[in-house]
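Here's the letter readout for the chains.
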Amino acid sequence: MSGKSTSSSSELLRAHCVAISEEEAVLREGGGKAGHERQRKMGRLPARERISHLLDKGSPFFEIGLWAAYKMYEQWGKIPAAGVVAGIGNIAGVPCMIIANDATVKAGAFFPQTAKKVIRAQRIAFECALPLVYLVDSAGVFLPMQDEIFPDEDDFGRIFRNNSVISAAGVPQFAAIMGNCVAGGAYLPVLCDKILMTKGSGLYLAGPSLVKAAIGQIVDAEELGGAQMHAEISGTVDFYEKDDPSCLKRLRSLIALLAEANEPKMFEKAKETTKPAKSPDSIYDLISFDGQKQYDVRDLLASIVDTNSIDEYKADYGKTIVTAYARIEGRAVGIVANQRLQVRTKKEGIQMGGVIYSDSADKAARFVMDCNQTNLPIIFFQDVTGFMVGRDAEESGIIRSGAKLVNAVSNSVVPKITVVVGGSFGAGNYAMCGKAYDPRFIVAWPTARYAVMGAAQASDTVFAVLARARERDKKSSPEELEELRATVKKNYEEQTDIRYGAARGWVDAIIQPHETRDVLIRLLQYVSRPMPKARFHTGVIQV
């Protein structure tokens, strides 16, 4: 490739990454200026301001699910970030998962993706033993879509089941009611360890109008479920706070009481900060926006892991997957990464980059097992077109080898983190620890593409099926068939865009390529936290 075309490819990639970043800035505005003004008129802070008050000064905030619900419920308007902000940051030096309803978006009502996002955040917190802080300000289930939000195992009710399981595991949960908390949503704070509530907020199973309709009783909101009533009469609330700032200050002081806040920090940086061999910015010259450019994944790793820390495992065998031990800011990890260079092997001859062959699947499976033996977290770098197909591949036992790798990844008990840097197609997604295989975190670059197969092959297959169906019903002209082909391809390409996947929760966050190392440093801190050992349990208590 010439220097000029390499430069234009790099510029195209950078421009796309900047565009994604700008879109994210818009998503963070939530319901926009009007929504923020509405909150302030009620004497309340917008969700992100609440979070910034809560976090330690200068603490980074790793946000998950920012793209949730993106372009998914357009008949109801825009639902930025699914109306809830979720992410991890330090409070009194303790990494905490924060889940804050954004009342500027449809009054903080729950859409299907809102529930799924909250459940994902709870799962991450549970697996990483992160204290949970809920900032509650929600009108409850979005009633026009109640059938898609209310009943299933990954819907609204699962949130409260998780509250109970997390509590039993000894992971602290704090809830601050800072607005509406109605209907089934009222169970969330009451299932937490400590409940704070601000003046003017409401906590009730049924609001005044529903109470009147159900039992004919006329009662105002404050008398029915106001903060003062719950603090003085029902005894449900532990701390009655006059406003948002005092509530957030109290939350910080309660979290500062946790034993972890008073211990020497486990994750202080080493005095001599380690650095990668290559600049993180060099990634933009290494890969291409369209994902077609070949590159040596070792060059990619060199911009992420500590200098001279890589010990490559079986370097000369199964070359289309690179397996290596390495360190990231001093923390030991195992790495499984798709090699995008075409390679030559003594037994198989030429092998295509990004494809998983029998030998590479066998090697990766053995490496995953070894990381479990030595209790090393594993980071998967996905840029995979799938498993090799054809007669030779089948004779080599590709199905057996693939099953071995999928089995090893499925049963792996060490923390797993997945970074999708390019393609994530077909069973390659599974073998390289896609969402279904329980990575603690799964993040993607703006260049990532997710689908059962590449757009060209898939759209041709789908077109063939639709064309046959159309021919059965009526004869089509060549022009009509060509128009159908173009439509099918366009729809399929839209679905492979990583924003489509991020909207549906298939990845936790879209990250900028040059920030990969910094993100992994933080995520490795979270996944390496020890689970609570002592558990307080009681039998049946008479109440």
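Computed from a predicted structure; not experimentally measured. Along every chain, residues carry numbers that run from 1 in the direction the sequence is written. In keeping with the predicted nature of the model, local features appear solely for residues at pLDDT of at least 70, side-chain atom pairs appear and are counted solely at 80 or more, and the whole-chain, interface and lining totals rest on all residues. The side-chain values count all of the structure's non-hydrogen atoms but skip hydrogen atoms and water molecules.

1. Here's the deal with the pairing of strand E15 (residues 378-384)
No. 1: In terms of residue burial, E15 counts as a mostly covered element, since seven of its seven residues are buried.
No. 2: With a 1.4 Å probe rolled over the protein chains alone, any residue whose accessible area is under 20% of its type maximum counts as buried; one over 50% counts as exposed, and the rest are partly exposed. Helix and strand assignments follow DSSP, with helices taken as H or I runs no shorter than four residues and strands as E runs no shorter than two, numbered in order from the N terminus. Side chains of E15 alternate between two faces, with Ile-378, Phe-380, Gln-382 and Val-384 and Ile-379, Phe-381 and Asp-383 buried alike.
No. 3: What makes two strands pair is DSSP finding at least two bridges between them. Bridging between strand E11 (residues 331-338) and E15 involves four bridges; their strand directions are parallel. Bridge pairing in E15 links Gly-334 to Ile-378.

2. Section: the packing of helix H3 (residues 47-54) against helix H11 (residues 244-255)
No. 1: Interaxial angles span 0 to 180 degrees and are taken between N-to-C directions of axes, which are lines fitted to C-alpha atoms, for helices over the stretch in contact. In the contact formed by H3 and H11, the axes pass within 9 Å of each other and the chain directions differ by 40°. In terms of their interaxial angle, H3 and H11 are classed as oblique. H3 and H11 meet at a crossing whose hand is right-handed. On H11, the residues touching Arg-50, His-53 and Leu-54 of H3 are Asp-244, Leu-248, Leu-251 and Arg-252.
No. 2: Looking at the contact of H3 with H11, its residues break down into three nonpolar, one polar and three charged. Oblique is the label for any angle not covered by the other classes, which are roughly parallel (under 35 degrees), roughly antiparallel (over 145) and roughly perpendicular (65 to 115). Crossing handedness is read from the near helix: turned anticlockwise from the far helix by less than a right angle, it gives a left-handed crossing, and turned clockwise, a right-handed one. Contact definition: two residues touch when any of their heavy atoms are within 4.5 Å. Each residue is assigned to one class: nonpolar for Ala, Val, Leu, Ile, Met, Phe, Trp, Tyr, Cys and Pro, charged for Asp, Glu, Lys and Arg, and polar for all the others, Gly among them.

3. Overview of the pattern of salt bridges
No. 1: Basic side-chain nitrogens of Lys or Arg form a salt bridge, by our definition, when they fall within 4 Å of a carboxyl oxygen of Asp or Glu. Applying the stated criterion to the full structure yields 26 salt bridges.
No. 2: In this structure, the salt-bridge partner of Asp-155 is Lys-116, at a minimum N-O distance of 3.4 Å. On the criterion of sequence distance, the pair formed by Asp-155 in the loop between helix H5 (146-149) and helix H6 (156-168) and Lys-116 in helix H4 (residues 112-127) is long-range, its members being 39 residues apart.
No. 3: According to the relative accessible area criterion, Lys-116 is partly exposed, its value standing at 29%.
No. 4: Of the charged contacts in the structure, one is a salt bridge between Glu-241 and Arg-250, with a shortest N-O distance of 2.6 Å.
No. 5: Look at Arg-250 and you get partly exposed, because its relative accessible area is 33%.

4. Quick word on the packing of helix H14 (residues 358-373) against helix H16 (residues 398-411)
Geometry of a packed helix pair, given as the angle between the helix axes and the separation of the axes.
No. 1: In contact at an axis separation of 8 Å, H14 and H16 are set at 20° when each is read in the N-to-C sense. The angle between H14 and H16 falls in the class roughly parallel. Like other packed secondary-structure pairs, H14 and H16 cross with a definite hand, here left-handed. Across the interface between the two elements, Ser-358, Ala-361, Asp-362, Ala-364, Ala-365, Val-368 and Met-369 of H14 pack against Ile-398, Ser-401, Gly-402, Lys-404, Leu-405, Ala-408 and Val-409 of H16.
No. 2: The residue makeup of the contact of H14 with H16, split by class, is nine nonpolar, three polar and two charged.

5. Section: the packing of aromatic side chains
No. 1: Geometry of aromatic contacts follows a simple scheme: Phe, Tyr and Trp rings, the Trp one being its six-membered ring, pair when their centres are within 6.5 Å, and the pair is stacked under 30 degrees between planes, edge-to-face over 60, tilted otherwise. Tallied over the full model, the rule gives 15 aromatic pairs.
No. 2: Their ring planes at 55° and their centres at 6.3 Å tell us that Phe-160 and Tyr-187 sit as a pair that is tilted. Pair noted here: Phe-160 is in helix H6 and Tyr-187 is in helix H7 (residues 187-190), with a separation of 27 residues, a long-range link.
No. 3: For Phe-160, a relative accessible area of 11% puts it in the buried group.

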